[in-house]
Amino acid sequence: MIRRILAASLAVSLLTACTSSPDPAPSPEGVDGPATTLRVLAGSELADMAPILEDAAKATGVTVEFEFIGSLEGAERVASGKADGAYDAVWFSSNRYLEMEPEAKSRLGSSERIMSSPVVLGLRTSAATRLGWTNRAVTWSEIATAASRRDFTFAMTDPSASNTGFSTLVAVASALDGSGRALDASAIDRVSGPVNGFFKAHSLNAGSSDWLVDEFVARNGDLDGLFNYEASLVALNRSKALPEQLTIVYPSDGVVTADYPLTVLADAPEAARDAHRRLATWLRGTDVQQRIGATTARRPALPGVPLPEGLPESPVELPFPETQASLKALLTAYNDELRRPSRTVYVLDVSGSMDGDRITALKTALSGLTGVNTSLTGEFCRFRSREDVVLLPFSQTPQAARSFTVDAANAQPSRDAIRGAIDALRVGGDTAVYDSLVAAYASLDAATDKDRFVSIVLMTDGESNQGRDLAAFKDFLKRRGDAAVTTPIFPILFGEAAEQEMKEIAAATRGQTWDARNGDLTRAFCQIRGYQ
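So, a few notes on the structure that sits alongside this text. (Residues numbered from 1 in each chain as written. Predicted model: local features only at pLDDT ≥ 70, side-chain atom pairs only at ≥ 80, totals over all residues. Heavy atoms only, no water.)

The helix and strand inventory of the protein stands at 22 helices and 18 strands. Computed over its C-alpha atoms, the radius of gyration of the protein comes to 24 Å, within 12% of the 24 Å expected for a compact globule of 532 residues. In the protein, the share of contacts with a sequence separation of at least 24, taken over all contacts with a separation of at least 6, comes to 77%. Accessible area of the protein: about 20,300 Å², with a carbon and sulfur share of 50%. Charged side chains of the protein number 53 positive and 67 negative; the gap between the two group centres comes to 4 Å. (Helix = DSSP H or I, 4+ residues; strand = E, 2+ residues; numbered from the N terminus. Rg over C-alpha atoms; globule rule 2.2 N^0.38 Å. Contact = heavy atoms within 4.5 Å. Areas by Shrake-Rupley, 256 points an atom, 1.4 Å probe, with all protein chains shown as cover. Lys, Arg positive; Asp, Glu negative; His and termini not counted. Charge placed at Lys NZ, Arg CZ, Asp CG, Glu CD.)

Time to look at the pattern of salt bridges. Evaluated as defined, the whole model comprises 40 salt bridges. Here Arg219 makes a salt bridge to Glu215, at a shortest N to O gap of 3.1 Å. As a salt-bridge pair, Glu504 and Lys474 come within 2.5 Å of each other at their nearest N and O atoms. Here the residue Glu504 occupies a position in helix α21 (residues 499-509), and Lys474 occupies one in helix α19 (residues 470-480), the gap between them amounting to 30 residues. Exposure remark for Lys474: the relative accessible area of 34% places this residue in the partly exposed category. Within the structure, one salt-bridge network assembled from shared partners comprises Arg124, Arg130, Asp224 and Glu244. (Salt bridge = Lys/Arg side-chain N within 4 Å of Asp/Glu carboxyl O. Buried < 20%, exposed > 50% of the residue type's maximum accessible area, 1.4 Å probe, protein only.)

Before going further, it helps to examine the nonpolar core. Among the nonpolar cores identified, the biggest contains 59 residues, and Ile143, Phe152 and Phe198 are the most heavily contacted of them. Among the elements that make up this core, the one with the highest residue count is helix α8 (residues 163-177) (7 residues). When neighbours within four sequence positions are excluded, Ile143 is seen to be in contact with Leu121, Trp133, Val138, Phe152, Phe198, Phe227, Val249 and Pro251. Leu236, Val350, Leu362 and Cys526 belong to the second largest nonpolar core, which has 49 residues in total. (Core = buried A, V, L, I, M, F, W, Y, C linked by side-chain atoms within 4.5 Å.)

This brings us to the state of the cysteines. Enumeration over the complete set of coordinates arrives at 1 disulfide. A sulfur-sulfur separation of 1.6 Å characterises the disulfide bridge that pairs Cys381 with Cys526. Classification of the bridge connecting Cys381 and Cys526 rests on its S-S torsion, roughly 55°, and on that basis the disulfide is right-handed. A residue pair is termed long-range when its members are at least 10 positions apart, and Cys381 in the loop between α16 (376-379) and β14 (388-394) and Cys526 in helix α22 (residues 521-528) qualify at 145 residues. Judged by its relative accessible area of 17%, Cys526 falls in the buried class. (Disulfide = S-S within 2.5 Å.)

Okay, empty space enclosed by the protein next. Tallied over the full model, the rule gives 3 cavities of 30 Å³ or more. The space that makes up the second largest cavity amounts to roughly 40 Å³. The residue inventory of the lining of the second largest cavity, partitioned by class, reads 6 nonpolar, 1 polar and no charged. (1 Å grid on protein atoms, 1.4 Å probe; cavity = no way out; pocket = protein on both sides within 12 Å on 5 of 7 lines; lining within 4 Å. Points joined across faces, edges and corners; volume = space filled by probe spheres on them. Nonpolar A, V, L, I, M, F, W, Y, C, P; charged D, E, K, R; others polar.)

Quick look at the environment of Leu302 now. With respect to the element layout, Leu302 can be found in the loop between β12 (299-300) and α14 (324-338). When the C-alpha atoms of Leu302 and Gln290 are compared, they prove to be 9.8 Å apart, with 12 residues separating the residues in sequence. Apart from the residues lying within four places of it in its own chain, the contact partners of Leu302 are Arg284, Gly285, Thr286 and Gln289.

Okay, the pairing of strand β13 (residues 342-349) next. In terms of burial, β13 is largely enclosed, as 8 of its 8 residues are buried. Alternating residues of β13 divide into Ser342, Thr344, Tyr346 and Leu348 and Arg343, Val345, Val347 and Asp349, and every residue in both groups is buried. As paired elements, β13 and strand β16 (residues 453-460) share 7 bridges and run parallel to each other. From the neighbouring strand, Thr344 faces β16, where its bridge partner is Ser455. (Pairing = 2+ DSSP bridges.)

Below, the discussion takes up the sheet that holds strand β1 (residues 36-42). Strand pairing in a sheet relies on backbone hydrogen bonds, with the paired strands running either antiparallel or parallel. Taken together, 5 strands build an open sheet; the order of strands is β2-β1-β3-β11-β4 and the sheet is mixed. Each having just a single partner strand, β2 (62-68) and β4 (108-113) make up the two edges of the open sheet. This sheet shows a mean twist of 30° between the axes of neighbouring strands, independent of strand direction. The pairing of β1 with strand β3 (residues 89-91) spans 3 bridges and is parallel. Looking at the pairing, Ala42 lines up with Trp91 of β3. Sheet strands touched by helix α12 (residues 270-283): β1, β2, β3, β4 and β11 (261-265). Its angle to β11, the strand with the most contacts, is close to 170°. (Axes fitted to C-alpha atoms, helices over the stretch in contact; angles between N-to-C directions.)

The next thing to look at is helix α11 (residues 230-239). Within α11, 8 of the 10 residues are buried, which leaves it mostly tucked inside the rest of the structure. Turning to α11, its buried residues number three or more, namely Glu230, Ala231, Ser232, Leu233, Val234, Ala235, Leu236 and Asn237.

Before going further, it helps to spend a moment on the packing of helix α7 (residues 140-148) against helix α9 (residues 185-198). A pair of packed helices is characterised by two quantities: the angle between their axes and the separation of those axes. At a minimum axis distance of 7 Å, the contact between α7 and α9 shows a crossing angle of 60°. Comparing the axis directions of α7 and α9 gives the class oblique. Contacts from Trp140, Ile143, Ala144, Ala147 and Ser148 of α7 reach α9 at Pro194, Gly197 and Phe198. Residue composition of the contact of α7 with α9, grouped by class: 6 nonpolar, 2 polar and no charged. (Parallel < 35°, antiparallel > 145°, perpendicular 65-115°, else oblique.)

Right, dumping it as structure tokens:
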């Protein structure tokens, strides 16, 4: 949200400046044409391109219609053919994920790089000074060593869900490997020890870069830093939303950079292909490249165009995994060995209104996390080794919670046991949402191992009609103080769920609501995994 507000304010300033210019820059030749809507599957961070794309529509006749999606999920949608006919182009931070998947790569047409932004570390200046990382080169080894001692804490997105998290994982693992080659399974094994130490300082997880930034700001100095796009960190500093500026650390042994290729799909109609050509040509014009830099702090794709003010020369680029096998090996190692484990309480409505198709949908969706969903995204949504999973069904009262820890040495029997408990859920009775949430907090409070990411997932199809009401629950949260907002609740809207109350629950705990009223409970459960 902060990023989008900043982008809008900068855009207004720039538009004002452009209006007052006596000699507006001409558009490149050949960009005008018939009015065309280009349907684009894209990364959510491109929302800040809206003011530039509005002017692109005036200059080229091409109106961009975005649908935002995560990197891996987007690659899977293209590979599966579900993007065929639904979209004309894709515009992600990188085409690397798509090009690793033969079915996705075969569906890509021509592509033009528009801009770039490396994934780097933003540290509160006081933390950077304390660590001695100002005004000198810092290596990934130094960063990993300090993190293993918890000399600082950081926020990072989930590598299974977001490009910034995966780019950070690739960069630290590649730099510590030191071979100069793209990572493979053996390299991942070699560096697993120090990379595991690096993640000891990982204190905030998220499924999207935007949510990560918003939560980092909301915590008001509680965390020392975050890994994100350089452009996002510059935007944070410009927003003055933080109590102190971030020092941007560019590891001297390299980074992974997003290069934002605008890519037409191979089966796009001729009109869309022409629109893609006109739009890409306009966006790569020298004046527009400069404007992109000034508005979004992304680097120009064209050589010779000045860098946005204050940015250093491009850092060293580290090699990206070259095969899908390497990508899967790295993500599997991250989920099952390297990351801090999580503990999640699933508060599940089994009241009478859930009878029939609804309880079947719930069981199917939740069972998808036990290893039976073999899609690319499903594979990385499954319950992870060392993870604590608590099932807390409820109707007119909270029922007995059942806790499972996924075995680190042999995970699948643990997942099978969870699936058995899900299959055993039975429906009947009224709905006590808030008493059940209080019971979920009690379950988390009773756990002895506190070194975990903790969260609550609430799935209900109706309004609470037993026990505490929303006001009483808010009083409960107030009495918990900071302990409430460090345990986010992620409500899933389903059936006739009370939307406004669910949003208030999420807001009070700094969680987020997920809408499955279209019936896609599986996707909702999977997307929430990025925040656990």
